[in-house]
Amino acid sequence: MENHKEKILVVDDEASIRRILETRLSMIGYDVVTAADGEEALDTFRNADPDLVVLDVMMPKLDGYGVCQELRKESDVPIIMLTALGDVADRITGLELGADDYVVKPFSPKELEARIRSVLRRVEKTGTTGIPSSGVIHINSIRIDTNKRQVYKGDERIRLTGMEFSLLELLVSRSGEAFSRSEILQEVWGYTPERHVDTRVVDVHISRLRAKLEDDPSNPELILTARGTGYLFQRILEPGETE
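Described in the following lines is the structure provided in the data block. None of the values given here were measured: they were computed from a predicted structure.

Calculation criteria
- Residues numbered from 1 in each chain as written.
- Predicted model: local features only at pLDDT ≥ 70, side-chain atom pairs only at ≥ 80, totals over all residues.
- Heavy atoms only, no water.
- Pairing = 2+ DSSP bridges.
- Helix = DSSP H or I, 4+ residues; strand = E, 2+ residues; numbered from the N terminus.
- Buried < 20%, exposed > 50% of the residue type's maximum accessible area, 1.4 Å probe, protein only.
- Core = buried A, V, L, I, M, F, W, Y, C linked by side-chain atoms within 4.5 Å.
- Contact = heavy atoms within 4.5 Å.

1. Some points on the sheet that holds strand β12 (residues 230-233)
- As summarised here, the arrangement of the three strands in space is β10-β12-β11, forming an open sheet in which the pairing is antiparallel. What marks the edges here is a single partner per strand, and that holds for β10 (179-180) and β11 (223-226).
- Here β11 pairs with β12 via four bridges, running antiparallel. Within the sheet, the bridge partner assigned to Leu224 lies in β12 and is Leu232.

2. Notes on the pairing of strand β5 (residues 101-104)
- Covered by surrounding structure in β5 are Asp101 and Val103 together with Tyr102 and Val104, the residues of both alternating faces.
- By the bridge criterion, four bridges tie strand β4 (residues 79-83) to β5 in an arrangement that is parallel. Note on β5: the bridge partner recorded for Met81 is Tyr102.

3. Considerations on the nonpolar core
- Among the nonpolar cores identified, the biggest contains 71 residues, and Ile116 and Ile184 are the most heavily contacted of them.
- Sort the elements by how many residues they give to this core and helix α6 (residues 162-173) lands first, with seven residues.
- Here Ile116 is in contact with Ile8, Leu25, Tyr30, Leu52, Val54 and Ile80, once residues within four sequence places are set aside.

Nothing here speaks to function; it is geometry throughout.
Take a look at the structure:
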């Protein structure tokens, strides 16, 4: 195993959940730090610089939404929210604020471990087929550097989370081709088709990408909706190619 252990910050006001997750995640090779409320979470995050945050929604002092908002002002760290069973609004709100994924309480530690592995793997993933050998794609004022996993609009760097970048990279790698929501969930989030997941995870991430990249997010020209299917990135023409 590599010397660098990935570090996970677990934030939950229930001591039993913190203890179980700290034990389980340490056993499978992660460094784990914990926090019991939102304010402690932000302090611990700044001191520990974790690779991923597991974040409960309902907490004293500052709830998970507030923590997520604050983290997104200063970091693209992957965030997995823990949300209450059946509360769809919770999940969507967390995603809209910048979370990468969610796990519904009560959850099995194994399920959370699988989500952590999946999110970390996709955040680090590089080398998608269909990308030019230079790894750099230009379209209108947008420049996508798949090697550095960075996006620029004109001269301004646009901050994307790891999952947002992986979603953009997937769409761009097969530009002009429509992806269904379930295909995107499988390719980007690693959800198997048998596992029932709310496909609005995809819709919210698409909205977030459009808000960051499109000149007019309500009338997108880059990331298009394929009616009845899902989404596609407008076809990128090869140099010298015409419509």
